[in-house]
2 protein chains.
Amino acid sequence: MAKLENKQVIFKNFIDRAPQETDLELKVSDIGPRAPSGSGAFLVKNLYLSCDPYMRGRMRDFHGSYIPPFVPGQVVEGFGVSKVVHSDDPNFKPGDLVSGLTGWEEYSLIKKTERLRKIQLDDIPLSYHVGLLGMPGFTAYAGFYEVCSPSRGEHVFVSAASGAVGQLVGQLAKLHGCYVVGSAGSNQKVDLLKNKLGFDEAFNYKEEQDLNAALKRYFPQGIDIYFDNVGAEMLDAALLNMKIHGRIAVCGMVSQHSLSDPKGIHNLFNLVMMRIRMQGFLQSDYLHLYPRFLEHVIGYYRQGKIVYVEDVSEGLASAPAALAGLFSGKNVGKQVICVAHE
Amino acid sequence: MAKLENKQVIFKNFIDRAPQETDLELKVSDIGPRAPSGSGAFLVKNLYLSCDPYMRGRMRDFHGSYIPPFVPGQVVEGFGVSKVVHSDDPNFKPGDLVSGLTGWEEYSLIKKTERLRKIQLDDIPLSYHVGLLGMPGFTAYAGFYEVCSPSRGEHVFVSAASGAVGQLVGQLAKLHGCYVVGSAGSNQKVDLLKNKLGFDEAFNYKEEQDLNAALKRYFPQGIDIYFDNVGAEMLDAALLNMKIHGRIAVCGMVSQHSLSDPKGIHNLFNLVMMRIRMQGFLQSDYLHLYPRFLEHVIGYYRQGKIVYVEDVSEGLASAPAALAGLFSGKNVGKQVICVAHE
C-alpha cells in the first residue's frame, strides 16, 4: 500500500534560553496509510496545533519536571485537533474529530489513544479545542476558581493578559463580579483587553518606567488576586501591591529558569506582612473538574458572554516561527498553527 | 507620694540594618507609684521581657506593616510577664501576674489593659508565657497546623530550628508523626535539636558548602513541609527540594528587607513544577485558636512530651545586647530578659 508523504517539525537539540525558529527544522518523511492491525492505534490527519509557553520546558535537558523533555531528532509533541483517517481502536472511526496530544506533523499514528478526546460539538470553532476549551482554557478556569479563591468585588490583576490563559482569566473574573486589570506588551493588546475582552483597565508594561508605580495607579487600594503568567519583575512589583490575605496564582514561571532571572525576586517579605498565599499549580491536578469547566465555559460562549482571541498561523512550515514568537510576545491572543482546514 | 525610680531601655533611632546594641540606650527615669485614679490603667513591675526577631521590623521608619514602628526617644515596647503593683482597673488587683505588651523598663503604666492576659497557671515557669505559651509558641502552633496542613509520615524541614518558634514546630511535627530535620547555626544548637528536642536529624548550615546538597542528603525523597524562619539562601535551596504539593509556611522573612537580600530568590519556578503552596502568616490572624493551643500545649508540657529551651539574660541592662544577639544567632533557644524574679 502506498505510504503517505508526511511533513514534520523536528526538535533539533536542547537549549537553555528562549526558543528560536532555528531550534526546530522541517523534514519530509512518510507514514503508513493505516494503523497496524492489532495495534489498537489510530492514524490522524492533524488540523490545528497548539503553541504553548510550557513547551519551552520540554526543550531543556531536564528530567525532573512533570512532563519529559522532547527527544532531539524526533518530531515535536503538542496539543492538537486532528481527524481520524484510519483506526484500529473500536472507539474511534474514520472522520472522528479528536483533541489531545499529537505530533507536529501532517499525519500522526496515535498509540496512546486514551490521551485524546472525541470532539462532539459542532457549533464551536475546531481550533478552540486547543485554546478556550483545551489546556490553556482549563488552566485559566482551575487557576481562577480553585487557586485564587475569588470573591465578588475583589480586585484582580492578570499579567500576559491577552494570552491564551490570561484572556479567559480576565473574562471569568469579570463574570464573577471582580474588578480586573491586565498587563500586556503592546498597545494593540491593551486595546484588545479593554475593548474586546472587557477588562476594566489595561496597560502596556513596556511603556512603564516603574511597574510598582503602574500597579499603584491601577490598584490604589491594593490587589486581592494576582494571576501571574510571567514571574520576574512583574511578580516583584505585584508583591509590593498585594492586600492583606491576597492570593497569587503562579502559572507562568514554568517557562523560566533560574539562569534567565539573574536578579531574583526580592519582595517575598511581603508574603508575611500581608499574609499572602502564593500557589503554583498545573491544570492536570484538577482534571476531575474538566466536565464542569466545559459545561460552564461552553455555556458562557454560547450566550456570548465569553470571546476568545486567536492568532492563527497558516501551514506547518510556519510552526517554528510561531513557537519562537510566543517568547517575544509576537502573538496576539492564543497562538495556533493551522496545518489543514479539514 | 514618692516616685519610683524606673530604669528604661530607649529606642534611639530608625535603622536599615540588623539591630546593634548601640541602637538602644539605658536611661533612668521615674514613675508614679499608682495608676491615676479614674484612668482604668494599672501599674506593673516587669519580670520577664521577650526578645523577638519581629522587633527588627519596628526599628525601621516604615508604617505599612501590621504593627507600627517604635518611637525614637521612647521606651521599647514588647511582650512581657509582669506583676500588678497598683490597679485602677477592677479586673486586676495588686499581685496579679499578667502577660502581654508592656515596656522595656522596670515599671510600666498599662493603659490598654485589654492587651494583657492574667496568668493563672502556677506549675509553668513564668517566662514561658512569652515563649512556649506566648506569641512564639502560638506562631509555631498556628503555622504548623493551620498553614502547613500536615499529615502523619510527612517529611518536615525547619530552619532556625532551635529558636523560639522552630523548637516547638519540630516537637509538634514529631508528635504528629512526621519525620523532622532542623537547621541551626552552631554545633551546640544541632546537639540540642537531636538530643533534647527530639528532631530526627539536624545540621549546622554554617558548615555546609552547598545548602541544596545538604537538603538532598537529609531529604532524598524531598520535603513535604518547609517551615521557613529565615528566607534567603535557605529558602532558595528548600524550593529545589520540595515534593509535589509541598507546603512552605513563611514565618521569618518579616525581619528581612529587600535591601538586605541583594541576590533575591531564584527558584520560584519550582512552585509551578511541584505545585507548591507558599504562604505567609501571622499568629494574630488565628487568635480564635488560642484557647485550643493553650489546652494542647499545656497538656503536652505537663505530660513531659514537650520541652522548651530558653536563653535568659539577667537584668534590664543586658537587654540591648540580648536583642542584637538574636540577629547573629547568639541565643541558644528562646531569648528572654529577666528584669526581676518577682
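All values derive from a computational prediction rather than experimental measurement.

Helix and strand counts for chain A come out as 8 helices and 15 strands. Dimensions along the principal axes, computed over C-alpha positions, put chain A at roughly 70 × 45 × 35 Å. Look at the contacts in chain A between residues 6 or more apart in sequence, and 68% of them connect residues 24 or more apart. With an accessible surface of roughly 13800 Å², chain A has 49% of that area assigned to carbon and sulfur atoms. Positive and negative side-chain charges of chain A, numbering 35 and 36 respectively, have mean locations separated by a distance of 2 Å.

To continue, consider the interface of chain B and chain A. With 34 residues of chain B in contact, the opposing surface of chain A contributes 34 residues. Of all residues in chain B, Val272, Met273 and Arg275 of chain B give up the largest surface area on contact with chain A, accounting jointly for 22% of the area buried on that side. Across the chain B-chain A interface, the total number found is 2 salt bridges. In this structure, Arg275 of chain B engages Asp285 of chain A in a salt bridge whose closest nitrogen and oxygen atoms are separated by 2.8 Å. At the surface where chain B touches chain A, the tally comes to 8 residue pairs in polar contact (both at pLDDT 80 or more). Of all the elements in the fold, those that place two or more residues in the side of chain B that touches chain A are strand S12 (242-250), helix H6 (269-273) and strand S13 (277-280) of chain B. Residues that form the side of chain B that touches chain A fall into these classes: 19 nonpolar, 10 polar and 5 charged.

Time to look at the relation of the copies chain B and chain A. For the pair chain B and chain A, the best superposition has an RMSD of 0.0 Å and corresponds to a rotation of 180° with a translation of 0.0 Å parallel to the axis. The transformation relating the two chain copies, once decomposed into turn and shift, fits a two-fold axis. The C-alpha atom lying nearest the rotation axis in chain B is that of Gly264 of chain B; the distance is 2.1 Å. Of the residues that chain B buries at the interface, 100% are likewise interface residues in chain A, meaning the two copies contact each other through the same surface.

A few words now on the environment of Thr22 of chain B. Checked against the element boundaries, Thr22 of chain B lands in the loop between strand S1 (4-11) and strand S2 (24-31). For the pair Thr22 of chain B and Phe11 of chain B, spaced 11 residues apart in sequence, the C-alpha to C-alpha distance is 9.5 Å.

Residues and elements named next belong to chain A. Summed over the entire model, instances satisfying the criterion amount to 38 aromatic pairs over all chains. Taken together, a centroid distance of 6.0 Å and an interplanar angle of 70° make the contact between Phe157 and Phe219 edge-to-face. Here Phe157, found in strand S8 (residues 155-158), pairs with Phe219, found in the loop between helix H4 (211-218) and strand S11 (223-228); they are 62 residues apart in sequence, far enough to count as distant. The residues Phe157 and Phe219 share a single accessibility class, namely buried. Above the ring of Phe92, the side-chain terminus of Lys118 is found at 5.2 Å from the ring centroid.

Moving on, we come to helix H2 (residues 166-175) of chain A. Residue and element names in this part refer to chain A. Of all the 10 residues making up H2, 8 are buried; the element is thus mostly covered by neighbouring parts of the structure. The complete set of buried residues in H2 reads Gly166, Gln167, Leu168, Val169, Gly170, Gln171, Leu172 and Ala173. Considering only its buried residues, H2 is in contact with helix H1 (135-147), S8, strand S9 (179-184), S11, helix H7 (290-302) and strand S15 (334-338). The first or second residue beyond H2 is Gly177, which carries a positive phi of 90°.

Now for the pairing of strand S10 (residues 201-204) of chain A. Relative to S10 of chain A, S9 of chain A runs parallel, the two being bridged by 4 bridges. Bridge pairing in S10 of chain A links Ala184 of chain A to Asn204 of chain A.

Moving on, we get to the sheet that holds strand S8 (residues 155-158) of chain B. Read from one edge to the other, the open sheet built from 12 strands follows the order S10(A)-S9(A)-S8(A)-S11(A)-S12(A)-S13(A)-S13(B)-S12(B)-S11(B)-S8(B)-S9(B)-S10(B), with strand pairing classed as mixed. Here the strands that pair on one side only, and so sit at the sheet edges, are S10 of chain A together with strand S10 (201-204) of chain B. Between one strand and the next, the sheet's axes are offset by a mean angle of 15°, whatever the strand orientation. As judged from the 3 bridges shared by strand S13 (residues 277-280) of chain A and S13 of chain B, these two strands associate in the antiparallel manner. Opposite Arg277 of chain A, over in S13 of chain B, you have Gln279 of chain B as the bridge partner. Those strands touched by helix H3 (residues 187-195) of chain B are strand S9 (179-184) and S10 of chain B, and its axis lies near 175° from that of S10 of chain B.

Further remarks concern the environment of Asp200 of chain A. Residue and element names in this part refer to chain A. Note on placement: Asp200 falls in the loop between helix H3 (187-195) and S10. Here Asp200 is in contact with Lys174, Cys178, Tyr179 and Val180, once residues within four sequence places are set aside. A polar contact of 3.0 Å, which involves the side chain of Asp200, links it to the side chain of Lys174. For Asp200, the side chain forms a polar contact with the main-chain nitrogen of Val180, separated by 2.7 Å.

Let us look at the environment of Arg277 of chain B. As for its position among the elements, Arg277 of chain B is in strand S13. A sequence separation of 29 residues divides Arg277 of chain B from Ile248 of chain B, and the C-alpha atoms of the two residues are 6.2 Å apart. Apart from residues lying up to four places away in sequence, Arg277 of chain B is in contact with Arg277, Met278 and Gln279 of chain A together with Val147, Ser149, Gly246, Arg247 and Ile248 of chain B. In terms of polar contacts, Arg277 of chain B uses its side chain to reach the backbone carbonyl oxygen of Val147 of chain B, at 2.7 Å. A distance of 3.1 Å separates polar atoms of two side chains, one belonging to Arg277 of chain B and the other to Gln279 of chain B.

Residues and elements named next belong to chain B. Note that Asp23 resides in the loop between S1 and S2. A polar atom in the side chain of Asp23 sits 2.9 Å from the side chain of Arg17. In terms of polar contacts, Asp23 uses its side chain to reach the backbone amide nitrogen of Gln20, at 2.6 Å. Setting aside chain neighbours within four positions, we find Asp23 in contact with Ile10, Phe11, Lys12, Asn13, Ile15, Arg17, Ala18 and Met59.

The next thing to look at is the pattern of salt bridges. Residues and elements named next belong to chain A. One pass over the full model with this rule turns up 28 salt bridges over all chains. In this structure, the salt-bridge partner of Lys93 is Asp96, at a minimum N-O distance of 3.3 Å. A salt bridge links Asp200 to Lys174; the nearest nitrogen and oxygen atoms lie 3.0 Å apart. Highlighted residues: Asp200 in the loop between H3 and S10 and Lys174 in helix H2, separated in sequence by 26 residues. Here Asp200 falls in the partly exposed class, since its relative accessible area comes to 28%. Look at the salt bridges and you will find they share partners, linking Arg58, Glu77 and Arg115 into a network.

With that settled, consider the nonpolar core. Residues Leu268 and Met278 of chain A together with Leu268 and Met278 of chain B are the most contacted members of the largest nonpolar core, which totals 52 residues. With residues up to four places along the chain from it excluded, the contact list for Met278 of chain B reads Leu268, Leu271, Ile276, Arg277 and Met278 of chain A together with Leu235, Ile248, Val250, Leu268 and Leu271 of chain B.

How each quantity is defined
Residues numbered from 1 in each chain as written. Chains lettered and ligands numbered in written order. Predicted model: local features only at pLDDT ≥ 70, side-chain atom pairs only at ≥ 80, totals over all residues. Heavy atoms only, no water. Helix = DSSP H or I, 4+ residues; strand = E, 2+ residues; numbered from the N terminus. Contact = heavy atoms within 4.5 Å. Areas by Shrake-Rupley, 256 points an atom, 1.4 Å probe, with all protein chains shown as cover. Lys, Arg positive; Asp, Glu negative; His and termini not counted. Charge placed at Lys NZ, Arg CZ, Asp CG, Glu CD. Buried area = accessible area lost by both parts, 1.4 Å probe. Salt bridge = Lys/Arg side-chain N within 4 Å of Asp/Glu carboxyl O. Polar contact = N/O pair within 3.5 Å; in protein donor to acceptor, adjacent residues only side chain to side chain. Nonpolar A, V, L, I, M, F, W, Y, C, P; charged D, E, K, R; others polar. Least-squares fit on C-alpha atoms with pLDDT ≥ 70 in both. Phe/Tyr/Trp six-rings, centres within 6.5 Å; stacked < 30°, edge-to-face > 60°. Buried < 20%, exposed > 50% of the residue type's maximum accessible area, 1.4 Å probe, protein only. Lys NZ or Arg CZ within 6 Å of the ring centre and 35° of its normal. Pairing = 2+ DSSP bridges. Axes fitted to C-alpha atoms, helices over the stretch in contact; angles between N-to-C directions. Core = buried A, V, L, I, M, F, W, Y, C linked by side-chain atoms within 4.5 Å.

Just geometry here; none of it tells us what the structure is for.
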